[in-house]
Amino acid sequence: MLRLPEFRFESPDSVDGVLALLAEHGGRARLLAGGTDLVPNLKHGIEEADVVVSLSKLGGLDEVRETEGGGLELGALVTLEALAAHPLVTARYPALATAAGLVAGPHHRRMGTLGGNVCLNTRCVYINQTHFWREALGYCLKKDGEVCHVVKGGKRCVAAASNDTAPVLTTLGATLRLRSRDHGVREVGVADFYVQDGVSNKTLEPDELLEAVLVPPPPPGLHTAYSKLRPRDSIDFPRLSVAAAFRLEGDVVRDLRLVVSALASRPLHLKKLGAAAEGRPFDDALVEELAAAAFKVCHPLTNIDGDPTWRREMVPVHVKRALRAAREHGASR
Ligand SMILES: Cc1cc2nc3c(=O)[nH]c(=O)nc-3n(C[C@H](O)[C@H](O)[C@H](O)COP(=O)(O)OP(=O)(O)OC[C@H]3O[C@@H](n4cnc5c(N)ncnc54)[C@H](O)[C@@H]3O)c2cc1C
Ligand code: SF4
């Protein structure tokens, strides 16, 4: 049986209390929301902590609130189960509800939070293993080692961004509200939050708490969808995921955003495809063209399970599914 290492456990009942602990312990403190990712990572020695700070006693961060103009403020502690079923989310951003409802299994979604999903650690078949396994291999760049087993001779970890909500929040132009004791509040767009570094793919400072995700009001005629490839629909992480969002003016496509994830360390926004679709009618020819273009620029690695050649062939399949599902679901209300 894998055991948790020793650490001090704190459970403050205020945001100030959480921020004080983060400021005091910096990189040696870890925030615990639902714990569905942090706890296995601590057991595997992938993450280490002197202090684990539970967020379970914080009030007010588990709510979905409407903002001026019809956007939403989603508290970091809203569970994925609640997010997937919330009427404002299903009506305005169906892709976000779909993505939340496809994370892991029902027990994980009941415990797991939106904040934990946004801040999820990257994944790789060479790191999500026991310490014994990784030691036998000689470790790797992400933790304790000096080589990458995915990219031979590689100097940067390419562990995969595997959180389902990230690509959708990127297509929606969402913003994150982060708070620290010493620097107060800062807001950062989800697209700028993730960086291409599998060791740590977030621009989250060690003393920062993610308080809320702010989703802008849906523009008229917004269509969104999310399509996920995974071996077992009941529980697995994505082997590939595609989020799509666009507006339709009549049948004309505007502002298409296509984001593919579970490839490398950050979701990949296919901006050229958005430009190619601008002002075109939504028809089969356009869908096929975009799917073929996505295939050309997406190159899955051996960082996560699943033959990369097969995963690449699945890129156009899921691009088509996401685009057609978005079209069929109708505009956000
Ligand atoms: C078997 C299994 C299958 C899974 N499948 C999927 C899947 O298909 N898709 C998927 O996306 N995930 C999956 N997960 C991972 C996980 O369940 C979800 O990502 C979940 O949303 C994590 O949320 P949490 O609240 O449990 O996070 P935690 O485990 O509590 O935290 C995760 C990370 O986020 C940090 N964190 C949490 N909250 C905050 C905050 N407010 N501010 C700053 N940092 C914070 C923590 O310190 C930690 O580093 C799976 C996990 C398991 C065990
Ligand atoms: S991508 Fe390379 S460095 Fe990163 S976890 Fe995998 S093997 Fe390790």
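Residues numbered from 1 in each chain as written. Chains lettered and ligands numbered in written order. Predicted model: local features only at pLDDT ≥ 70, side-chain atom pairs only at ≥ 80, totals over all residues. Heavy atoms only, no water.

### Section: the domain arrangement of the chain
Bring the parts together and some accessible area is lost; that lost area is often taken as the interface size.
Right, on to step 1. With domains assigned, the chain is organised as domain 1 (1–54), domain 2 (64–119 + 160–215) and domain 3 (222–328).
Right, on to step 2. The gap between the C-alpha centroids of domain 2 and domain 3 is 20 Å.
Right, on to step 3. Tallying the contact residues gives 30 residues for domain 2 and 25 residues for domain 3.
Right, on to step 4. Taken together, domain 2 and domain 3 are joined by one salt bridge.
Right, on to step 5. Put simply, Asp164 and Lys228 hold a salt bridge, and the shortest N to O gap is 2.8 Å.
Right, on to step 6. Here domain 2 and domain 3 share 15 residue pairs in polar contact (both at pLDDT 80 or more) between them.
Right, on to step 7. Those elements giving two or more residues to the side of domain 2 that touches domain 3 turn out to be α5 (94–101), α6 (106–111) and α9 (165–171).
Right, on to step 8. At five residues, the largest contribution of residues to the side of domain 2 that touches domain 3 is made by α9. (Domains from an automatic or database assignment. Contact = heavy atoms within 4.5 Å. Salt bridge = Lys/Arg side-chain N within 4 Å of Asp/Glu carboxyl O. Polar contact = N/O pair within 3.5 Å; in protein donor to acceptor, adjacent residues only side chain to side chain. Helix = DSSP H or I, 4+ residues; strand = E, 2+ residues; numbered from the N terminus.)

### Structural notes on the site of ligand 1
Right, on to step 1. By nearness alone, 32 residues border ligand 1, and Leu31, Gly35, Thr36, Thr113 and Asp164 come closest of all.
Right, on to step 2. Separating an oxygen atom of ligand 1 from a backbone N or O atom of Leu38 is a distance of 2.8 Å.
Right, on to step 3. Within the complex, the protein chains bury 91% of what would otherwise be the 970 Å² of accessible surface of ligand 1.
Right, on to step 4. For the shell around ligand 1, the secondary-structure elements that each account for two or more residues are β2 (29–32), α7 (114–118) and β8 (209–215).
Right, on to step 5. Ranked by residue count, the leading element in the shell around ligand 1 is α7, at three residues.
Right, on to step 6. Classifying every residue of the shell around ligand 1 by side-chain character gives 17 nonpolar, eleven polar and four charged. (Near = heavy atom within 4 Å. Areas by Shrake-Rupley, 256 points an atom, 1.4 Å probe, with all protein chains shown as cover. Nonpolar A, V, L, I, M, F, W, Y, C, P; charged D, E, K, R; others polar.)

### Considering unusual backbone geometry
Right, on to step 1. The backbone phi angle of Ala104 is positive, close to 45 degrees, even though this residue is not glycine.
Right, on to step 2. Locating Ala104 in the fold gives a position in the loop between α5 and α6.
Right, on to step 3. Residue classification places Ala104 among the buried residues on the basis of a relative accessible area of 16%.
Right, on to step 4. Within the chain, Asp144 stands out as a residue other than glycine whose phi angle is a positive 75 degrees.
Right, on to step 5. If you trace the backbone, Asp144 turns up in the loop between α8 (131–137) and α9.
Right, on to step 6. Among the residues examined, Asp144 registers a relative accessible area of 48% and is labelled partly exposed. (Buried < 20%, exposed > 50% of the residue type's maximum accessible area, 1.4 Å probe, protein only.)

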